Amino acid sequence: MKDAKNVTDNDDEGVDDILKLKDFSEMSLIHTLRVRYNRDEIYTLVGTILISLNPYKQIKFLYDENAVDRYHSKKQSHHAQPPHLFVVAEASYSSLMSSMADGKNVSQSIIISGESGAGKTEATKFIMSYLAKITALDRKAANTDKQSQEIQVGELEQRVLNTNPVLEAFGNAKTLRNDNSSRFGKYIKIHFDEVGKIAGASIEKYLLEKTRVIFQIPGERNFHIFYQLLRCGDDALLQRLKLEDSMDSYNYTAGTSIVDGIDDRQDYSVMSTCLKDICQDEDLFLNIVQMLAGILHIGNVNFVGNAEEDQVSGVDDTYRQHFDAAAELLGLDADDLFNTLTKQNMYVNNSVIVKVQNISQVNDKKQSLSKSIYTMLFSWLVDKINNSIGIIDRKTIGYIGLLDIYGFENFDNMNSFEQLLINYANEKLQSHFNKHIFALEQAEYEGEGIDWSYITFYDNLPCVELIDGKPNGKSGIFQTLDDVVSSGRQDANTSFLASLNTSFSGTSRHTNFVAPRFNSDQKFGVLHYAGEVFYEIAGFVEKNREATNVDMRELMTRSTNPLLRSIAEEAIAVEASASLQAPAVSSKQLTKKPSVQTMSTGSVSAKGGASRTASISKLKEDSVSKQFANSLRSLFERLEETQPHYIRCIKPNTYKRGGFYNAKDVLQQLKYSGMLETIKIRQQGYALRLEHKDFFEKYHHLAPGCQTLQELVLRLSSMLSVSQESWQVGTTKLFIRHQLADKLDTLLSICYSSSCRKIQRFWKNVLIRKAITSLQARSGFRRFKALKTFRAVVTKILKMQCVIRGHLGRVEARKRRNPFAQLPYDSLIETLFSLQAEMDECVEAQNFQKATKLEASVHDVKAVLAHTPIPVRAVTNRDQLELYILEATLAVEFAQEIADKNIKAVETVLEEYQAKRPAFPTLQEVDEQIATANEQLKVSMDKKQFKKCGDIQQQIASLESTKKDLLQYPANKLKRLSLPELRTNKATLEQQIADCLTNKDFTKCAELQSELDSLNDFLLARDVSADEREVLVAKYEAEFEKFKQIRYFLGMATNRQKVNDLLALAQAPVVEASVEPIPEVSAPAPKLTRKELMEKKKTLNDTLQAALKNKDYTECDKINLALENVEKELLNIPTKSNIKQKIALEQQLLQQLIASKQFAKCGDVERNIAELEVQLQAAEDDEVEEDTENKNPTTQSQAKPAPKVVVKRDEPKPKMTKKEEPKPVKKAESAPKKDPGMERPVSKLRPKAPTTATDSQSIYDVAVKMAANRVDAALLLDESGSLSGIITDNDITRRVVSQNVDVSGTKVDSVMTRNPKCVHAEDSALD
């Protein structure tokens, strides 16, 4: 290097101000920064300019509250402190307050610049925190509160600080050079009032990199907020937003998701707290995250198209859930969203032409929608922050502005339109820096007549003009880009590059324009102050165009999400306002687009219509580059009005690694930022320059006897032992070198401190004397007030205790007075049912006085029952045990449901029951144990363990005995029988009971009756139709709920068991047809004709008479059973009347099918009628022969039936009295001549079990039952099971067939005979 020199020993110390270097060179500068960096001294001054090296690590105690207190302390000048961010912040704050004292109110600006990743954002946060804390520190000093070491920041100051996490989450992202890079520029103005407190703040944003929402280069991330939302850890919120916690599940966040040093979940917690504080509304916060989630879902939507027409046909079914979720979260109609994305409205001659887009166009619109929503949300968020931290009714004296704007960027793979805008902003910053540091300073020296040698510096104005200006009368890069955009050419990007090459390369070459090496290269280069950068032209024109479709904006105004609708309407209103201020256009131009009414078929509101009309009438919008240039221009105009302070952030290496110092990178950044020239001009120049009047007023306190400026300068020179070269007197100002300025400030600070201490000493004494007097008075008053308050509190506590004790005593007394408190659980249940029944009777009898008393008793029983646990009952078998386990289980579930505190006692009962299961094994468990024991026996025999074999054999014998006992258990017997077998057993039991009644064996009769009752209960659960099963299930469920209300868990368990049995039966295979309403003992299928059966019956009757004559009663019993079977076979043969009835029903059904035009079923009915007519003919032939035979008196007298007792099903068993005992069978020879059958009771005639049905069934259903059972009549029952009426086959013929009644739609109760006269089993057959 030409400026390289040897490093001296003094340079090893690492001076804190580069201007103190006696022999300045590039090497000494780099070495000084290295020494300080290795000592974790990352800040170095160049006069008033601060150089900041990014440490890439946390340095302890560097920014703590002690540091804030130290740099803000008035005891010593801030120049005596080491270089720090707080030095610049304190200097700007002090300058603001000093200007206020002078009546000038000059605002300050802190301009933080540097490359991406140099630490600009962190520096901004630390400065904001410092400014917020020093105002709190001043309040703390004013209150003389020395006990608290923590600085309590005020509410407004805290709101200002809370903006940082929110803006970082929504505006920062990981790039290749920085893990927390600001992807937007911001100028934060912190306003102060007259006493130096923060009065409010405002934020101005510049160029959000919205392209990052939809695309990131490898190694980079989207904005932090998306990753924080996905890793928020709130499963309920993610489920509500229909999101997964996987970054790779979404196209906009896939790729690099984890960054060392960034905890997305913790950052989300801080961000959400700050955002809710800003929004002050939980619903508003939810609307924000719904919009973010909607953007993520939109990114996952894929479309399918029609290859032939090159049009989109729909959403890919694989990603349909994301499309629906996006529409729901954004509050948009799914069809409306699909039409807006896939169709384009074209306006031609006051009409609308709808064009379906291809997949590429739809994807562009989808991405444009995502960017638009995020951009509008970010703008709204900045406005919301400004509203929350704005100035409210407070007078301000000025502000301190913090400029944190993106650093210079130059990527190796691709630089695009965004990088050009970012680097242009940095060029403007460098130009502003050059102007203030070099140009203005040297111009001021020249104007004041100061002896000065000029220093050359790099001026970047040509580069600024190349980008945003007209160098040599030609359009710059931005203007050329705008011209190409307005031309609307298809090859706009290529045309843009050609225009640049034509204007700035070749013979008309611009010094800062770098043409591509080859004509085929689609890029151009710009020589920036920081180096040469090439920009790829792909997408330049599209990104420069503000391309939010009008239809998409209108779509967002129809959103049901209040936030999205609001910001969309606001965006349209702002655009309409801007368009109204644009130059007027001719009426001819305006007619080229349709009116608002042609754009929408529905009604348009006044506000929405005006907005859309304004947006349509705007012919040309400002491009992105023009908007950005205008915003930067206004920014630098504001900077010109302030006093600037500069912080230059430097990256010590490109690896983002702490403790690693790359001298080449540091020197390059210092050169590009103009710091080398700055050091030279500051080292050789005069740092402090004050007007003559200002200098005399400020420093005359150091020499009170001086009357003129010249006397003051000579006196101060003598006091400080400095020469005349340390300052120069200009025409209007006094110029002082940096070292002398520091000495003067130090001397002035000492003078002020001494004077302040004298004044403070006097007033402290005055205040102390006043405080002692006041303290004595206040202490007496506080004692009196505290004693009064104490007595009042004691009185209230005593009253409260009395009320609580009285309440508890009354509750306890009520419990003890309850007469049912000592009853056990089962007695309580019985008492409750008894009281409820008695209460129902009183209500029915209208005895309401007694019913009221009973109701109170019922309430008392329920109150005791609520605190009484279920008892532990004695168990005798496994079925009983399972019932009790179910009871305890239901009790536990109920206790959990009501959060009962006594649930432990119920769980203990359940565990005790469950522990008894091994003592009552089931057949299956015994069989498994026997199988296991046999296997163990086999293994023991193979191993010749004969002693163990003997034990196992005993175990097997014991298990076999247990199995035998279980097989004898009645319930197990019944479970092994099929439905026909159960019916047969029932018939057998009924026959045996009849025989016992005949023989007057009442003991055995009672045993058989008990067995029959069990069988009937078991059969009732199995032998039911589907309709009956539904009725029973509904009945049991209703009883279950009733029992649950009174906590009768045993009843609940019994009903639940019955319901389970019925439901299990419904899923079991059907054994028999379900058309039989009343099960009977199945008779064998008839194999003989009626004629043959009649002959067999005649023969059996003759044999029976002979056996009776011979008194062979055993043979009589056998013959009687055979005769009964024959009669049953005769019953299975249909009679002529049955067949006629079926034919009539089938003919009526045929007429109905023909009337309803169901001709497909008519053929089957015709075939049924033909078969029935054949059966009718056969039945007529048999009956003719039977009638002929019955006319023979001999045959008729020989067919006397044998005595038989039959008990009808479902009838109550009559109680046997002495008068009602059945008569013994008389001998045949002693029978009177008169027919003995007429003198016997009805029960002796062997009546068949009646066919029953409900009176709510249709005529057709009842007739089918009668035909299936081959009976001529059926008994009809009402809902309660009482006899309602009777219907016969004659009734069907006369009242149904002849009247042509609809048999399927008419209930049988309309044609039945109501209230028929009945006979009993004991009535005389003759009667």
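All values reported here derive from a predicted model rather than from experimental measurement.

Caption draft 1: Broad picture of the nonpolar core. In this structure, Leu131, Phe170, Tyr374 and Phe524 are the most contacted members of the largest nonpolar core, which totals 185 residues. Tallying contributions element by element places helix H12 (residues 359-389) first for this core, with 12 residues. The residues touching Phe524, leaving out its near neighbours within four places in the chain, are Leu420, Ile477, Phe496, Leu497, Leu500, Phe513, Val514, Val533, Phe534, Tyr535, Ile537 and Phe540. Counting residues in hydrophobic clusters, the runner-up holds 38 residues, among them Tyr825, Leu865, Ile1046 and Leu1050.

Caption draft 2: Here's a closer look at helix H18 (residues 550-557). Most of H18 is tucked away: 7 of the 8 residues are buried. Among the residues making up H18, those that are buried are Asp551, Met552, Arg553, Glu554, Leu555, Met556 and Thr557.

Caption draft 3: Representation of the packing of helix H27 (residues 709-720) against helix H28 (residues 738-817). Look at H27 against H28: their axes get within 12 Å of each other, and the N-to-C directions meet at 90 degrees. As judged from the angle between their axes, H27 and H28 are roughly perpendicular. Two secondary-structure elements touch here, H27 through Leu716, Met719 and Leu720 and H28 through Leu740, Lys743, Leu744 and Leu747. Of the residues assigned to the contact of H27 with H28, the class counts are 6 nonpolar, no polar and 1 charged.

Caption draft 4: The side chain of Arg221, seen in detail. In this structure, Arg221 sits in the loop between strand S7 (198-206) and helix H6 (224-230). One polar contact links Arg221 to His224, side chain to side chain, over a distance of 3.2 Å. Among residues more than four places away in sequence, those in contact with Arg221 are Ala173, Lys174, Arg212, Gln216, Tyr227, Arg231, Thr256, Ser257, Val259, Ile262 and Asp264.

Caption draft 5: Just unusual backbone geometry, in detail. A positive phi angle is found at Gln280, which is not glycine, with a value near 60 degrees. Mapped onto the fold, Gln280 is located in the loop between helix H8 (264-279) and helix H9 (282-299). The class of Gln280 is exposed, set by a relative accessible area of 61%. Even without being a glycine, Arg1047 presents a positive backbone phi close to 65 degrees. Tracing the sequence through the fold places Arg1047 in the loop between helix H38 (1026-1046) and helix H39 (1049-1067). Judged by relative accessible area, which is 18%, Arg1047 ranks as buried.

Caption draft 6: Examining the sheet that holds strand S22 (residues 1283-1288) more closely. Pairing is mixed in the open sheet, where 4 strands are placed in the order S20-S21-S22-S23. Only two strands of the sheet have a single neighbouring strand rather than two, namely strand S20 (1252-1254) and strand S23 (1313-1314). With 3 bridges joining them, S20 and strand S21 (residues 1273-1277) adopt parallel strand pairing. Within the sheet, the bridge partner assigned to Ala1253 lies in S21 and is Leu1276. Helix-sheet contacts for helix H45 (residues 1259-1269) involve S20, S21 and S22, and the interaxial angle to S21 is about 135 degrees. Here helix H46 (residues 1289-1297) sits on the sheet in contact with S22 and S23, set at roughly 80 degrees to S22.

Caption draft 7: Inspection of the confidence of the model for the protein chain at higher detail. Overall, the predicted model of the protein chain reaches an average pLDDT of 79, with 83% of residues at or above 70. Across residues 1193-1238, confidence stays below pLDDT 50; counting only partners more than four residues off in sequence or on other chains, it has 69 contacts.

Definitions and cut-offs
- Residues numbered from 1 in each chain as written.
- Predicted model: local features only at pLDDT ≥ 70, side-chain atom pairs only at ≥ 80, totals over all residues.
- Heavy atoms only, no water.
- Core = buried A, V, L, I, M, F, W, Y, C linked by side-chain atoms within 4.5 Å.
- Buried < 20%, exposed > 50% of the residue type's maximum accessible area, 1.4 Å probe, protein only.
- Helix = DSSP H or I, 4+ residues; strand = E, 2+ residues; numbered from the N terminus.
- Contact = heavy atoms within 4.5 Å.
- Axes fitted to C-alpha atoms, helices over the stretch in contact; angles between N-to-C directions.
- Parallel < 35°, antiparallel > 145°, perpendicular 65-115°, else oblique.
- Nonpolar A, V, L, I, M, F, W, Y, C, P; charged D, E, K, R; others polar.
- Polar contact = N/O pair within 3.5 Å; in protein donor to acceptor, adjacent residues only side chain to side chain.
- Pairing = 2+ DSSP bridges.
- pLDDT = per-residue confidence, 0-100.

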